[in-house]
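Listed here are the chains, written in short residue letters.
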Amino acid sequence: MSDETVRFDASQIKVLEWPEAVRRRPGMYIGSTGERGLHQLVFEVADQAVHEALTGRAGRVDIRLTADGGVRVADNGPGIPIEDDDRPGLTSLLTRLCLRATHRGRHEVHLSRFGLGPSVANALSSRLTAEVHLDGTRWTGEYARGVAVSPLTAVGPTADSGTVITFRPDPEIFHTVEFSFDTLADRFRELAFLNRPLDVSLTGERRSLRLRFPGGARDFVAFLDEPARTAVHHSDVIGFERDDPQMEGTMEIAFRWSHSPEERIRGFANSLATRGGTHLEGFRDGVVAAVTSHARAHGRFAAAERVTAGLTAVVSVKLDQIELEGACRDVLGNGAVRTSVRRAVEEELSRWLADHPEQARALVERAQ
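The model shown is predicted, which means the values in this text are computed figures rather than measured ones. (Residues numbered from 1 in each chain as written. Predicted model: local features only at pLDDT ≥ 70, side-chain atom pairs only at ≥ 80, totals over all residues. Heavy atoms only, no water.)

A. A look at the packing of aromatic side chains. Tallied over the entire structure, the rule returns eight aromatic pairs. Centre to centre, the rings of Phe193 and Phe213 are 3.9 Å apart; their planes meet at 20°, and the pair counts as stacked. Here Phe193 is found in helix H6 (residues 181–194), whereas its partner Phe213 is found in the loop between strand E8 (208–211) and helix H7 (217–225), with 20 residues between them in sequence. Accessibility assignment for this pair places Phe193 and Phe213 in one class, buried. Pairing Phe255 with Phe283 gives two aromatic rings, centres 5.4 Å apart and planes at 75°, and the pair type is edge-to-face. In this pair, Phe255 sits in strand E10 (residues 249–257) while Phe283 sits in helix H8 (residues 278–297), placing the two residues 28 residues apart along the sequence. The class of Phe283 is buried, set by a relative accessible area of 0%. An aromatic cluster of three or more residues is present, and its members are Phe193, Phe213, Phe220, Phe223 and Phe268. (Phe/Tyr/Trp six-rings, centres within 6.5 Å; stacked < 30°, edge-to-face > 60°. Helix = DSSP H or I, 4+ residues; strand = E, 2+ residues; numbered from the N terminus. Buried < 20%, exposed > 50% of the residue type's maximum accessible area, 1.4 Å probe, protein only.)

Pasting the structure below:
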């Protein structure tokens, strides 16, 4: 080791200003500079529009993949406020980090990675344009790699309302700038299943989808079963919703059995896909308890480990205070959720089994 003293002082600290802080370390903000990070840009921009729709301030969210390789995200909400002396507005949303709160309670949706929103997309795009229709005035602004080319300016009257953000990802940052229609469709379809008020249109060069599902989790179960094309023991999906004060939230659960041995059980917490957790544990507990109890009441036996074979289910909980665990924060840890979900599932399924004796008998025989 050298005897020379290693000195470290303030002169060796480099403070990265906007937008260099994001462009120098993009993975810190969007996860990667590959396909996952590329699509995260869309989710960051769409986060505000989806929230407006879920709170009833907007009726639709339109996402379009443009011919020049960009993405246009629009909503018909009231329009993001314009900056003034008393409050931050669109300019701040596009040019500042750590501005937005990420916790919205049970109405929270997980699109923005850290609640940073369109500022991240602005910094990592070669071009971004913003258009706001607000209180009868149309405003536009244009940015290049996070820096304003033309500031947000009033350009004329409008009879519309809403916000439109169009951006092209910067090829200097990303390994690929080609968006996958299917990747975007999977996530926005999932959100539309889990949030009935959400109405999303997704348009590409050759494809277009409208994602709106009034049936919620029931529609989701039917969708998950569709690729298997397997007959089910009963034509209707068992589904219910509950507001449970004990777990400080709501649950929406739907499920049915098919002849396939495959088990397809999907869990979500505040619209975020989960790998495991108390909501899924409670669901399995409740299903097993209801089926085995019904079997015993009729002098029969059902093996707990075989009850969920062929079961397709969607278990969605929305909580005021969500606790996520695991390295990827994809395991729900709220303890009260397990008890609440188990109780609700056992009650609803027990009632259904009593009302459908033929289907109940088939389920018990299969689990023997």
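Still to come is the rest of the account.
B. Focus on the nonpolar core. The biggest cluster of nonpolar side chains holds 63 residues, and the ones touching the most others in it are Ile63 and Phe188. Ranked by residue count, the leading element in this core is helix H3 (residues 35–54), at ten residues. Counting residues in each nonpolar core, the second largest holds 36 residues, with Phe240, Ala269, Ile322 and Leu332 among its members. (Core = buried A, V, L, I, M, F, W, Y, C linked by side-chain atoms within 4.5 Å.)

C. Broad picture of the pattern of salt bridges. Scanning the model with the defined rule gives 33 salt bridges in all. With a closest N to O distance of 3.3 Å, Asp186 and Arg189 form a salt bridge. Placement of both Asp186 and Arg189 in helix H6 is noted, with a separation of three residues, approximately one turn of the helix. Arg343 is the salt-bridge partner of Asp244, the closest N and O atoms lying 3.3 Å from each other. Taken as a pair, Asp244 in strand E9 (residues 238–244) and Arg343 in helix H9 (residues 335–355) lie far apart in primary sequence, 99 residues in all. A relative accessible area of 9% means that Asp244 is categorised as buried. (Salt bridge = Lys/Arg side-chain N within 4 Å of Asp/Glu carboxyl O.)

D. Inspection of the environment of Ala123 at higher detail. Tracing the backbone through its elements, the reader meets Ala123 in helix H5 (residues 118–123). In this structure Ala123 comes out as buried when scored by relative accessible area, which is 0%. Residues Ala123 and Val291, spaced 168 residues apart in sequence, show a C-alpha to C-alpha distance of 54 Å. Once residues within four sequence positions are removed from consideration, Ala123 is found in contact with Trp18, Pro19, Val22, Arg23, Arg145 and Gly146. (Contact = heavy atoms within 4.5 Å.)

E. Structural detail: the packing of H9 against helix H10 (residues 357–366). Contact pair H9 / H10: the axes reach a minimum separation of 5 Å and the direction vectors enclose 110°. On the basis of their axis angle, the class for H9 and H10 is roughly perpendicular. The residues of H10 that touch H9, namely those facing Trp352, Leu353, Ala354 and Asp355, are Pro357, Gln359, Ala360 and Leu363. (Axes fitted to C-alpha atoms, helices over the stretch in contact; angles between N-to-C directions. Parallel < 35°, antiparallel > 145°, perpendicular 65-115°, else oblique.)

F. The packing of H3 against H6, seen in detail. Packing of H3 against H6 brings their axes to within 11 Å, and their N-to-C directions diverge by 35°. As for the relative orientation of H3 and H6, their crossing is right-handed in sense. For the pair formed by H3 and H6, the contact residues are His39, Val42, Phe43, Ala46 and Val50 on the first element and Thr183, Leu184, Arg187 and Phe188 on the second. Here the contact of H3 with H6 is built from residues that sort into six nonpolar, two polar and one charged. (Left-handed = near helix turned anticlockwise from the far one by under 90°. Nonpolar A, V, L, I, M, F, W, Y, C, P; charged D, E, K, R; others polar.)

G. Just the sheet that holds strand E14 (residues 311–319), in detail. One open sheet accounts for five strands, arranged E9-E10-E14-E11-E12; its pairing is mixed. On the outer flanks of this sheet lie E9 and strand E12 (272–274), each paired with one strand and no other. Between one strand and the next, the sheet's axes are offset by a mean angle of 20°, whatever the strand orientation. Pairing analysis gives six bridges linking strand E11 (residues 264–269) to E14, with the strands arranged parallel. Looking at E14, one finds that Gly267 is bridged to Val315. (Pairing = 2+ DSSP bridges.)

H. Structural detail: the pairing of E11. Along E11, five of the six residues are buried, which leaves the element largely enclosed by surrounding structure. Judged from the three bridges that link them, E11 and E12 form a sheet pairing that is antiparallel. Considered in E12, the bridge of Phe268 is made with Ala273. In sequence, E11 turns back onto E12 through a hairpin of two residues, with Asn270 there showing a positive phi of about 50°.

I. Looking closely at the pairing of strand E4 (residues 137–144). In this sheet, E4 lies alongside strand E3 (residues 125–134) in antiparallel orientation, the contact comprising seven bridges. When the bridges of E4 are listed, Leu128 appears paired with Tyr143. In this structure, the hairpin formed by E3 and E4 is closed by a connection of two residues, where Asp135 is found at a positive phi of approximately 50°. Strand direction decides the pairing type here: E4 and strand E5 (residues 147–157), joined by seven bridges, are antiparallel. Across the sheet, the residue bridging to Ala144 is Val147, located in E5. The hairpin formed by E4 and E5 contains two residues between the paired strands, and Arg145 there has a positive phi angle of roughly 50°.

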